[in-house]
Amino acid sequence: MSPSTSVFRGRLRAGDAPPRLSDAWIALAGLSAVFLFEMLDTSVLNVALPTIGRELGSSTTGLQWVSGAYAVAFGGLMLLFGAVADRVGRRRVMLTGLVLLAVVSLTTVAVTTTEQLVAVRVLTGVAAAMTTPGSMALAFRLFDDEGLRVRALTVISTAGLVGLAVGPTVGGFVLAVAPWQVLLLADVPIAVLAFVGIRCGVARDDAAGLRPDPVDVGGALLGTATVAGLLVTPTVLVGPATASSWGWAAVVLTVACGAGFIVRLRTARHPVVDLHLLSRPLVSSGLAFKAASGLAVAGLSYLVTLQLQFAWGWPPALTAAGTLPQVVVLLAGSRLVGPFVQRVGLGRAAWVSAAAVVSGLAVFGALSRHGYVWVLVALVLVAAGMRVVGVVAGASVLTGLPADRTSVGAALVDTSSELAGGAAVAAAGTIVAAVVTGSITTTPWTALRLADFEDALTVAGLGLAAVAAVLVVVGMLRARAADLAPGTPAPASSTALAPTTQEPSRA
């Protein structure tokens, strides 16, 4: 069978480089399903948090970790699994992760306590850490042509963004007719679709494309412990007196792990993350933009759920309708992405779109308590910005890295987003827990308590927006350094994005 026949059928062999996106449709379907799971899983759960809290009797902190445990495991383990994938095979690690995802999702039917659900969310995050970095890396290396690479990343990210946008809407309507467990059971068919697409559409890993050096397991574990400590410690510190004493112990442990991680990166022969790679302008700028976007998107999603359902008493179905504008902007705006990037260039498109996402969070923090119209403005700004920034930031990072570091590069992209998102949820939840007494799911609401709750949402929204704005500035400065640095590889040309939105039939 000739290579052309092989790719025509959609199944790629090692060494095949498809000339069109349609020639790799089986692989792209599987890889897109992975990104759909990553985005849909979190967004669909947020709208169910009040329902879950009432049924399981969750505390404010417990409810926060139903949402945040996934991000902690996902962000903390991505670098480890990215490094493992670059050595034992991206396809192999992804398929194993998808099996784990399906099995863990099925256990949701047996959950009866908040602690059990948090454990399920942690294991789901482990599965995501095994699958998501490889998805971007495989898509990037699937094609030889730079334009096709960007278009493939755009197709995959579109699936994820659609999942992120429709998650609250779908979740709200499902909760009107079915128990909340159904929302997490939806991961099972998505995992099956992804498994079949990758198993049948992606060739086995070529040993020549894998790294021969060993994985720095010690460095990866130190990094994971540091990440977990940074996200968990603030919550423990604002808890009861007994928990607070443990919180200071967690501070000491986190600092020690962080210092050890830095020393390990500087001294290990084969560190899990090469600091010299992070110092590359294209890499650091893309990671900063992605982190700003991840922080703003996760923060807004969590805060909007609290505002609509707790502060205003909206039922899940009405909350679902309230998030529809975000879906409309994401879907209707897809045709405008290519012309926009062509006109302003990739570098400017990155910071403009990231700034739009941050502005949406700032609008919510400052004005959402004055009515839904400001929530609407926030949702539209975030949807418009995140439609662009993910593709541009990811392409910049992967372009700036060597070919045998793509899994780690993709892991860095997702790690920056997930850690920022996890930090946003942890910070917002910590602020609410510190300001509002009692559980937000079980304690009766009074006018004074509601005013405190609104104040907490304002502080959280504006604080997160300020941090995200700093990240955007860092990204802009590093992007400028990339433009000035001699010999820096240029990111994919802006014209490469045009066919994705102007000629969808060719994709």
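Residues numbered from 1 in each chain as written. Predicted model: local features only at pLDDT ≥ 70, side-chain atom pairs only at ≥ 80, totals over all residues. Heavy atoms only, no water.

What the chain contains, in helices and strands, is 21 helices and 0 strands. Within the chain, the proportion of its 507 residues that are buried is 58%. Taking all contacts inside the chain whose residues are at least 6 apart in sequence as the whole, residues at least 24 apart take part in 83%. Surface exposure of the chain reaches about 19,300 Å², of which carbon and sulfur atoms provide 69%. (Helix = DSSP H or I, 4+ residues; strand = E, 2+ residues; numbered from the N terminus. Buried < 20%, exposed > 50% of the residue type's maximum accessible area, 1.4 Å probe, protein only. Contact = heavy atoms within 4.5 Å. Areas by Shrake-Rupley, 256 points an atom, 1.4 Å probe, with all protein chains shown as cover.)

Let's shift gears to the layout of surface pockets. Within this model, the largest pocket holds a volume of roughly 660 Å³. Lining the largest pocket are 27 residues, with L79, L412, T415, S416 and L419 positioned closest to its centre. Contributing elements (two or more residues each) for the lining of the largest pocket: α4 (60–88), α10 (217–237), α11 (241–267), α13 (281–311) and α19 (406–435). The leading source of residues in the lining of the largest pocket is α10, at 8 residues. A class-by-class count of the residues in the lining of the largest pocket yields 18 nonpolar, 9 polar and no charged. (1 Å grid on protein atoms, 1.4 Å probe; cavity = no way out; pocket = protein on both sides within 12 Å on 5 of 7 lines; lining within 4 Å. Points joined across faces, edges and corners; volume = space filled by probe spheres on them. Nonpolar A, V, L, I, M, F, W, Y, C, P; charged D, E, K, R; others polar.)

Judged by nonpolar contacts, the single largest core of 127 residues is most densely connected at W180 and F453. Among the elements that line this core, the one with the most residues is α13, at 17 residues. Those residues in contact with F453, other than ones at most four positions away along the chain, are L306, F310, A311, V432, V436, I440 and W445. (Core = buried A, V, L, I, M, F, W, Y, C linked by side-chain atoms within 4.5 Å.)

Moving on to α4. With 29 residues, α4 extends 41 Å from end C-alpha to end C-alpha; this agrees with the ideal 42 Å at 1.5 Å per step. With respect to burial, α4 is a largely interior element, 26 of its 29 residues being buried. Once α4 finishes, G89 follows within two positions and takes phi at roughly 125°, a positive value. (Expected span 1.5 Å × (residues − 1).)

Residues F340, W351, V352 and M476 make up a contiguous nonpolar surface patch of roughly 290 Å² in combined accessible area. Tracing the sequence through the fold places V352 in helix α17 (residues 346–367). Residue V352 is classed as partly exposed on the basis of its relative accessible area, which comes to 30%. (Patch = residues over 30% accessible without salt bridge, like charges linked within 9 Å, V, L, I, M, F, W, Y side chains within 5 Å. Salt bridge = Lys/Arg side-chain N within 4 Å of Asp/Glu carboxyl O.)

Taken residue by residue, the chain gives an average pLDDT of 77. The fraction at 70 or more is 80%. Here helix α21 (residues 498–502) stands out as the least confident element of the chain, with mean pLDDT 36; helix α5 (residues 90–106) is the most confident, with 90. Contacts for the low-pLDDT stretch residues 1–15, under 50 throughout, to residues beyond four places or in other chains number 38 contacts. Per-residue pLDDT stays below 50 along residues 491–507; that stretch engages in 43 contacts with residues further than four places along the chain or on separate chains. (pLDDT = per-residue confidence, 0-100.)

Okay, the side chain of E454 next. Along the chain, the position of E454 falls in helix α20 (residues 447–484). This buried residue, E454, is left without a salt bridge; R369 holds the nearest opposite charge, at 4.5 Å. One polar contact links E454 to Q307, side chain to side chain, over a distance of 3.2 Å. E454 has contacts with Q307, A311, W312 and R369, leaving out every residue within four places of it along the chain. (Lys, Arg positive; Asp, Glu negative; His and termini not counted. Polar contact = N/O pair within 3.5 Å; in protein donor to acceptor, adjacent residues only side chain to side chain.)

All right, on to the packing of helix α2 (residues 25–46) against helix α9 (residues 187–201) then. For the pair α2 and α9, interaxial distance at closest approach is 7 Å and the crossing angle is 150°. If you check the angle between α2 and α9, you find them roughly antiparallel. Crossing handedness for the pair α2 and α9: left-handed. Judged by residue contacts, I26, A27, G30, L31, A33, V34, L36, F37, L40 and D41 of α2 engage D187, I190, L193, A194, G197, I198, C200 and G201 from α9. Its residues assigned to classes, the contact of α2 with α9 shows 13 nonpolar, 3 polar and 2 charged. (Axes fitted to C-alpha atoms, helices over the stretch in contact; angles between N-to-C directions. Parallel < 35°, antiparallel > 145°, perpendicular 65-115°, else oblique. Left-handed = near helix turned anticlockwise from the far one by under 90°.)

We now examine the environment of D455. For D455, the location among the structural elements is in helix α20. A relative accessible area of 35% places D455 in the partly exposed class. Counting along the chain gives 23 residues from D455 to V432, while the straight-line C-alpha distance between them is 8.9 Å.

Note that R91 resides in helix α5. Classification of R91 by relative accessible area gives buried; the value is 7%. For R91, the residues in contact, after removing those within four places along its chain, are L138, I198, R199, V202, A203, R204 and D205.

The full count for this structure, using the stated rule, is 5 aromatic pairs. Arranged with centres 5.1 Å apart and planes meeting at 70°, the rings of W445 and F453 form a pair that is edge-to-face. Relative accessible area serves as the criterion here: at 31%, W445 is assigned to the partly exposed category. The class for F453 is buried, based on a relative accessible area of 0%. (Phe/Tyr/Trp six-rings, centres within 6.5 Å; stacked < 30°, edge-to-face > 60°.)

Turning to the environment of V227, a few remarks are in order. Residue position: V227 is located in helix α10. Among the residues examined, V227 registers a relative accessible area of 14% and is labelled buried. Along the backbone, V227 and G76 are 151 residues apart, and their C-alpha atoms lie at a distance of 5.6 Å. Not counting the four nearest positions on each side in its chain, V227 is found in contact with V72, G75, G76 and L419.

What follows is about empty space enclosed by the protein. Counted by the stated rule, this structure contains 3 cavities of 30 Å³ or more. In this structure, the second largest cavity spans a volume of roughly 150 Å³. As for the second largest cavity, its lining consists of 14 residues, and the residues nearest its centre are P168, S301, T323, Q326 and L379. Of all elements in the fold, only α2, α7 (146–175) and α13 reach the threshold of two or more residues within the lining of the second largest cavity. It is α13 that provides the largest number of residues to the lining of the second largest cavity, a total of 5 residues.

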